[in-house]
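Chain and residue survey
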Amino acid sequence: MPGLRHLNLWHLPQINKNAGSRINCYNLILGVDTVNSATDFFLGSNTNEGFYSCFDELYNPDDDVRVFVIKGSAGCGKSTLMGRVADYLSKRSFVCTRVRCASDPNSLDAIICESPEGAKLVMVDGTPPHVVEPKYYGAVEEIINLGSALDATSLKAHAATLRRLSSAAARCYRKTTGYLNAAALIMRNSKRIQDEYIDYEKIYNYVLGFAKRNFTGNSGEGEVHYRFHTAVTPEGAVTFSDGINNGYKQIISIDDKTGAVSGQILDCLLTVALDLGINTIVGISTFDTEELSELLFPDQGIAVVLDNKEIIPTRKIHAQRFLDTKGMKLHKQKLSFNRKMVDELRASAIKSLGEAKEIHDEIEKIYASCADFKSTEKIYKKLILHINSELFV
């Protein structure tokens with residue numbers, strides 16, 4: 001029997017499609033998983049395919065939203081500006097989500113804020129590798145140019161150094177991608193070995209039963225949005241779990257030491273959920289973008305996740321129940337070897353990211369030394385006045 005990815009799961013008459021209200025889909029993009037609860041996450045990550053961006057999920061320019069796109073160099077204060085605005089709005093009852101930077105989880109790539117009255121504001125670092133350009137300039141988006149605070153004359157003296165450092169950082173990122181791609185290929189090899197020992201029909205029936213027991217109502221045509229809760233960073237694999245741990249009544253983790261079954265369960269569950277019109281947030285695996293790491297169902301209060309020490313489950317699904325464990329033992333040595341290789345390759349990827357971070361820090365120091373932060377302070381104060389007049393804070 002072929003893997004569930006290749007089955008037609010779209011006709012499920014045994015499950016009731018009860019009428020239900022449609023969730024505010026902006027909340028799915030915003031990251032508000034339950035009422036008054038925001039969660040930090042990533043919209044881009046270093047992956048086996050290179051930098052993988054979900055920044056088109058950040059906002060819908062056709063919605064009623066005010067967007068500020070920040071341009072400027074490294075070290076000119078883009079993340080600091082967003083953090084200060086988020087802090088300012090949080091004190092005024094806005095729910096603010098902080099979109100983290102995978103290359104430095106302590107920095108921000110974007111903020112998404114919503115007031116109790118429904119006013120929405122987005123700020124985003126619009127520079128590579130996640131370039132954002134206005135679609136409705138002035139009407140929806142505005143550009144904030146922090147580059148105006150830089151002394152271009154002083155920077156010219158550092159041009160050769162900046163070119164050298166930028167090239168060195170790019171090499172580190174290419175190495176990271178190579179290591180992660182090699183690890184993903186090995187993991188796929190392990191999954192192919194295990195494929196014949198998976199009881200796909202049992203998974204299918206389990207997922208149908210799960211949906212029947214847990215999914216209530218529907219949202220019409222189900223909305224799906226993508227993000228990363230876990231990203232490969234210079235600090236290792238970093239997970240932002242507070243929004244899941246605190247925002248969901250049911251947190252079900254899949255205990256899958258082989259990695260063979262969890263992907264099939266998540267794939268099948270996603271297909272069933274969307275067929276039933278259930279709004280879904282899909283977590284993409286930072287290690288292999290063809291795989292999922294979690295499925296969040298905000299209007300159901302349910303999260304189904306891969307086993308992760310940062311996420312506290314209310315119960316577990318044990319993958320072994322769907323496997324012929326006796327048959328798997330025939331490949332124990334091969335699978336163990338593959339696992340060790342994957343661990344070493346991922347460790348090498350993290351080391352390369354650490355090297356890239358050190359180089360990036362040097363680049364930031366050069367730009368910061370040529371920045372007039374009094375000018376950036378003026379930009380911040382002017383922006384706050386603008387936000388107050390726009391959003392009636």
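Structure's up top.
In what follows, the accompanying structure is described. (Residues numbered from 1 in each chain as written. Predicted model: local features only at pLDDT ≥ 70, side-chain atom pairs only at ≥ 80, totals over all residues. Heavy atoms only, no water.)

1. Structural notes on helix H5 (residues 200–214)
Given 3.6 residues to a turn, an α-helix orients residues that are three or four positions apart in the same direction. Just so we agree on the cut-off: Starting at the N terminus, helices and strands are each numbered in turn, a helix being any DSSP run of H or I of at least four residues and a strand any DSSP run of E of at least two. Here a helix's expected span is defined as the number of its residues, less one, multiplied by 1.5 Å. For every residue, the accessible area obtained with a 1.4 Å probe (protein chains only) is divided by the maximum for its type, and the residue is called buried under 20%, exposed over 50%, and partly exposed between those limits. Only heavy atoms matter for contacts: two residues are in contact if any of them lie within 4.5 Å across the pair.
If you check H5, its first and last C-alpha atoms are 21 Å apart, about what 15 residues at 1.5 Å a residue would give, namely 21 Å. Buried residues of H5: Tyr-200, Ile-203, Tyr-204, Tyr-206, Val-207, Leu-208, Gly-209, Phe-210, Ala-211 and Asn-214, and no others. The secondary structure elements touched by the buried residues of H5 are helix H4 (159–195), strand S14 (250–255), helix H7 (262–275), strand S17 (302–306) and strand S18 (315–318).

2. Structural notes on the packing of aromatic side chains
Put simply, the rule is: Stacked, tilted and edge-to-face are the three classes assigned to paired rings of Phe, Tyr and Trp, where Trp is represented by its six-membered ring and a pair needs centres within 6.5 Å; plane angles under 30 degrees give stacked, over 60 edge-to-face, the rest tilted. Only Lys NZ and Arg CZ are tested; either one counts as a charge over a ring when it is within 6 Å of the ring centre and within 35 degrees of the ring normal.
Going through the model one piece at a time under the given rule, you end up with 6 aromatic pairs. Taking the centre distance of 6.0 Å and the plane angle of 90 degrees together, the rings of Phe-210 and Phe-215 count as edge-to-face. Among the aromatic residues, those joined into a ring-pair cluster are Tyr-206, Phe-210, Phe-215, Phe-297 and Phe-322. Its end group placed over the ring of Tyr-88, Arg-92 keeps NZ or CZ at 3.7 Å from the ring centre. Over the face of the ring belonging to Phe-287 we find Arg-346, whose NZ or CZ atom lies 3.8 Å from the ring centre.

3. Focus on the packing of H4 against helix H9 (residues 332–369)
The relative placement of two packed helices is expressed as an angle between their axes plus a distance between the axes. Note the cut-off: A fitted line through C-alpha atoms serves as each axis, taken over the contacting stretch for helices, and the angle formed by two N-to-C directions is quoted from 0 to 180°. To sort the angles, those under 35 degrees are grouped as roughly parallel, those over 145 as roughly antiparallel, those from 65 to 115 as roughly perpendicular, and the leftovers as oblique. Helix crossings get a hand from a simple test, with the near helix turned counterclockwise from the far one by less than a right angle marking a left-handed crossing and a clockwise turn marking a right-handed one. Note that Gly is not counted as nonpolar here; it falls among the polar residues with everything else outside the nonpolar set of Ala, Val, Leu, Ile, Met, Phe, Trp, Tyr, Cys and Pro and the charged set of Asp, Glu, Lys and Arg.
For the pair H4 and H9, interaxial distance at closest approach is 8 Å and the crossing angle is 160 degrees. With respect to their mutual orientation, H4 and H9 come out roughly antiparallel. Between H4 and H9 lies a crossing whose hand is left-handed. Split by residue class, the contact of H4 with H9 holds 24 nonpolar, 9 polar and 6 charged.

4. Focus on unusual backbone geometry
Residue Pro-129 is reached from Pro-128 by a cis peptide bond, and omega for that bond is 10 degrees. For Pro-129, the location among the structural elements is in the loop between strand S9 (120–125) and strand S10 (141–145). Located in the positive-phi region is Ser-93, a residue other than glycine, with phi close to 70 degrees. Along the chain, Ser-93 turns up in the loop between helix H2 (78–90) and strand S7 (95–101).

5. Describing a positive patch on the surface
Our working rule: Patch definition: residues with relative accessible area over 30% and no salt bridge; like charges joined within 9 Å; nonpolar side chains (Val, Leu, Ile, Met, Phe, Trp, Tyr) joined within 5 Å. Residue exposure ignores everything except the shown protein chains as possible cover, and the areas themselves are Shrake-Rupley values with a 1.4 Å probe. By definition, a salt bridge exists where a carboxyl oxygen of Asp or Glu is found within 4 Å of a side-chain nitrogen of Lys or Arg. Under the convention used here, Asp and Glu are negative, Lys and Arg are positive, and both His and the chain ends fall outside the count. By convention, the point assigned to a charge is CZ for Arg, NZ for Lys, CD for Glu and CG for Asp.
A cluster of basic residues, Lys-202, Arg-213, Arg-315 and Arg-321, forms a positive patch at the surface. Structurally, Arg-315 is set in strand S18. For Arg-315, a relative accessible area of 33% puts it in the partly exposed group.

6. Remarks on the layout of surface pockets
Just so we agree on the cut-off: For each structure, a 1 Å grid was placed over the protein atoms alone; sets of points admitting a 1.4 Å probe that cannot get out are labelled cavities, open sets with protein on both sides within 12 Å along at least five of seven lines are labelled pockets, and lining residues have an atom within 4 Å of a point. Grid points are joined across faces, edges and corners, and a volume is the space filled by probe spheres set on the points.
Roughly 960 Å³ of volume is contained in the second largest pocket. Going through the elements one at a time, strand S4 (44–47), strand S5 (50–53), H2, strand S8 (104–114), H4 and H9 are the ones with two or more residues in the lining of the second largest pocket. No other element matches H9, which puts 7 residues into the lining of the second largest pocket. Of the residues belonging to the lining of the second largest pocket, the class tally is 16 nonpolar, 16 polar and 7 charged.

All quantities given are derived from atomic positions and should not be read as evidence of function.
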